[in-house]
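Chain by chain, the residues run as shown.
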Amino acid sequence: MQDYVELTELLTDIEGHPLSLLFIKTANCGVCDVTYARTVELLKQYPQVKSMVASMEKMPNLSGEFLVFTAPAILLFMDGKEVFRQARFVSFDELEHVLKLTVEETQAKKNTKA
């Protein structure tokens, strides 16, 4: 996952990729660490998803930009628009299901344009 410290760079990358997943964490958060490791493993199956991570401490305006007030938080974007969000309690079954559907939809759009 690419680590971000600048909000403008993060927003540019979200806009610039058909599918992107943002993992928001805080320091000294055991749940964040475990959830982050599982998310990294899951995303290995979805190389077409741009994976990003940002820390609330390193980027204080992150909370206000995405209206995230607890960590960990996972936000999935499709064409720059948020399509899925989970915070604090992450259901990896649900996350994987949504990832699969969004990847399939993105592929279908790509094939229609071709």
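Rules used in this analysis
- Residues numbered from 1 in each chain as written.
- Predicted model: local features only at pLDDT ≥ 70, side-chain atom pairs only at ≥ 80, totals over all residues.
- Heavy atoms only, no water.
- Helix = DSSP H or I, 4+ residues; strand = E, 2+ residues; numbered from the N terminus.
- Buried < 20%, exposed > 50% of the residue type's maximum accessible area, 1.4 Å probe, protein only.
- Polar contact = N/O pair within 3.5 Å; in protein donor to acceptor, adjacent residues only side chain to side chain.
- Contact = heavy atoms within 4.5 Å.
- Disulfide = S-S within 2.5 Å.
- Phe/Tyr/Trp six-rings, centres within 6.5 Å; stacked < 30°, edge-to-face > 60°.
- Lys NZ or Arg CZ within 6 Å of the ring centre and 35° of its normal.

**Student:** It is not clear to me how the side chain of Thr106 should be interpreted in this structure. Could you clarify?
**Tutor:** Following the sequence through the fold, Thr106 ends up in helix α4 (residues 92–113). In this structure Thr106 comes out as buried when scored by relative accessible area, which is 18%. A polar atom in the side chain of Thr106 sits 2.8 Å from the backbone oxygen of Thr102. Contact partners of Thr106, with chain neighbours within four places excluded, come to Pro18, Leu19 and Met78.

**Student:** Would you explain the state of the cysteines in this entry?
**Tutor:** In a disulfide, the sulfur atoms of two cysteines are covalently bonded to one another. In the structure shown here, the tally under the stated rule is 1 disulfide. Two residues share a disulfide in this structure: Cys29 and Cys32, whose sulfurs sit 2.4 Å from each other. Here the disulfide of Cys29 and Cys32 is right-handed, its torsion about the S-S bond being about 75 degrees. Cys29 gets classed as buried once you look at its relative accessible area, which sits at 12%. What makes Cys32 buried here is its relative accessible area of 0%.

**Student:** Any chance you could explain the packing of aromatic side chains here in plain terms?
**Tutor:** To describe a pair of aromatic rings, one takes the distance between the centres and the angle between the planes. Tallying each qualifying case throughout the model produces 2 aromatic pairs. When the ring of Phe23 is compared with that of Tyr36, the centres are 5.3 Å apart and the planes differ by 70 degrees; the resulting orientation is edge-to-face. In this pair, Phe23 is assigned in strand β2 (residues 19–25) and Tyr36 in helix α2 (residues 30–43), connecting sequence segments 13 residues apart. Residue classification places Phe23 among the buried residues on the basis of a relative accessible area of 0%. Residue Tyr36 is classed as partly exposed on the basis of its relative accessible area of 24%. Directly above the aromatic system of Tyr36 lies the positively charged group of Lys25, at a separation of 5.3 Å from the ring centroid.

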